Amino acid sequence: MRIPRNLLMAALFLILPSSCLVLGIEDNIPNFRWATVHDPSVTKVGDTFYVFGSHLQIAKSSDLMHWTQVNVGVYNNNPIIPNIFTELKETFEWAETNTLWAPHVIQLQDGRYYFYYCACRGDSPRSAMGIAVSDSIEGPYRNLGIILRSGYRPGEGMCEEGVPYDARIHPNVVDPHVFYDKEGNLWMVYGSYSGGIYILKLDPETGFPLPEQGYGKKLTGGNHSRIEGPFIFYSPDTGYYYLFLSFGGLDYRGGYNIRVARSKNPDGPYYDAEGHNMTDCYGPSFLEGNDPYIAPFGVKLVGNFTLSEGSIIDFRAFGYVSPGHNSAYYDPETGKYFIFFHTRFPGRGETYQIRVHQLFLNEDGWFVMAPFPYAGETIEELPLQEVVGEYQLVIHDKEMTNEIRKPVRIALNPDGTVTGAQTGEWEKKGHYITLKLDGEIYKGVALKQWHYSEKKWVTVFSALSQKGVSVWGIKTSE
């Protein structure tokens, strides 16, 4: 027998607490299906998001939670570049490899899709970068040729700068990201380790670099400092271009972490929250460890962490290891910002998947990252009683390390004080939250999110200090 809706709701009113009758975010139980894509670079076509990654790993999604794998490797007769070893023969021969690293795909003004690929030997900056083109985002792509090379050896001629190649000052030509600035100019930012991160202006008609630029303009890095995976995009809310970078090493022992700087111009200079010019971010010697010299630079969004509090990390608890090589997207219809990245996980070695989180602008115009994967949430002002309570506090300090940070406990009290492992004050204005923890001021946002490992909606906050240190709070007393 089918019960009329009005009678069913009346019965529910009699037997359930009133709080259960409020239909909203708490009634939504999201689920996820992730894909395997390393170094995901996002492109949206219609209502579908695509991420292109290393080794020709590609996935797509319409809701950012359920992903379908499109391709998983570099092999003949793959759907993206079917005759890949013939099409890219010159690229593979130069780079002395049989696979591709982090690519980017963009639709140019002619309506076609331009696939910026790169191949690298791996143990040296011997790399080649080129372009392939297709009428369809999923291919097949036809090679247009190599646009940059690095790792020239003696006797092979001069590099793109017209001088002998020097890995301390010249880039490794990998990790391209191509984007339009607000004026409609086309740019490509790229680079990894070796001589740093560079930016080139491109011809919007052909997608190729405009002449007489060499490797372009250096933005940051050098002397083999561990910086790679650049991505730049513009925020219409702030008028800034944001340069995302990955510091550290990508494997589970490498301490990969995501950082960001900003500029009023697409080609810089870029500055972090402390006012550091990112062109000064490099170590002193090609042969020495440079991590301590670059660690103070950039706003750090996320690094290694776990929500497990025990002496032995519970791999079932939510946490990331070496999250990095991100891309980002702004949705002009909803005003939402998203960050796409790959990550490894505590206790699971080199296993990795993509993740998508929301980004939010704080009151100073810096991005903070939501602690949990996007589950359809929209930020709004929360009642005071939903923010007051006990929290796990995760501190993403700027040290470059493979250590997995564990949370500490704090409480946001009704009188505006903070007690527990860190003490201070807090206040909220709308969806913004400001915390003063042990003398340091953090500005961010508070919202409801789906707790990925505990499977429930909880209050969280994400905030940033003027030193570029991010903190997350996950409420435990819901």
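Below: a short report on this structure. Keep in mind it's a predicted model, so treat the numbers as computed, not measured.

The computed volume of the largest pocket comes to approximately 570 Å³. Mapped by element, the contributors of at least two residues to the lining of the largest pocket are strand S1 (41–45), strand S5 (104–107), strand S9 (177–180), strand S13 (227–234) and strand S18 (319–331). Residue composition of the lining of the largest pocket, by class: 13 nonpolar, four polar and three charged. There is about 420 Å³ of room inside the second largest pocket. Around the second largest pocket, the lining is made up of 22 residues, and of these Trp 101, Gly 122, Ser 192, Glu 228 and Leu 250 lie nearest the centre.

Our focus in this paragraph is the sheet that holds strand S19 (residues 336–344). Pairing in this open sheet of five strands is antiparallel, and the strands run S17-S18-S19-S20-S21 from one edge to the other. Of all the strands in the sheet, the pair left with one neighbour each is strand S17 (305–306) and strand S21 (367–369).

This part takes up the pairing of strand S14 (residues 241–247). Consecutive side chains of a regular strand alternate in pointing toward one face of the sheet and then the other. In terms of residue burial, S14 counts as a mostly covered element, since seven of its seven residues are buried. Because side chains alternate across S14, one face comprises the buried residues Tyr 241, Leu 243, Leu 245 and Phe 247, and the other comprises Tyr 242, Phe 244 and Ser 246, equally buried. When S13 meets S14, the two strands line up antiparallel, connected through six bridges. Residue Ile 227 lies in a different strand from S14, and its bridge partner there is Phe 247. Here S14 runs beside strand S15 (residues 257–263); their pairing, made up of seven bridges, is antiparallel. From the neighbouring strand, Leu 243 faces S15, where its bridge partner is Ala 261.

The next point concerns the environment of Phe 341. On the secondary structure map, Phe 341 appears in strand S19. On the basis of relative accessibility, which here comes to 0%, the residue Phe 341 falls in the buried class. Remark: the alpha-carbon pair of Phe 341 and Tyr 282, spanning 59 residues in sequence, is separated by 24 Å. In this structure, Phe 341 is in contact with Pro 40, Ile 258, Tyr 320, Pro 323, Gly 324, His 325, Asn 326, Gln 353, Ile 354, Arg 355, His 357 and Met 369, ignoring residues within four places of it in sequence.

What counts and what doesn't
- Residues numbered from 1 in each chain as written.
- Predicted model: local features only at pLDDT ≥ 70, side-chain atom pairs only at ≥ 80, totals over all residues.
- Heavy atoms only, no water.
- 1 Å grid on protein atoms, 1.4 Å probe; cavity = no way out; pocket = protein on both sides within 12 Å on 5 of 7 lines; lining within 4 Å.
- Points joined across faces, edges and corners; volume = space filled by probe spheres on them.
- Helix = DSSP H or I, 4+ residues; strand = E, 2+ residues; numbered from the N terminus.
- Nonpolar A, V, L, I, M, F, W, Y, C, P; charged D, E, K, R; others polar.
- Pairing = 2+ DSSP bridges.
- Buried < 20%, exposed > 50% of the residue type's maximum accessible area, 1.4 Å probe, protein only.
- Contact = heavy atoms within 4.5 Å.

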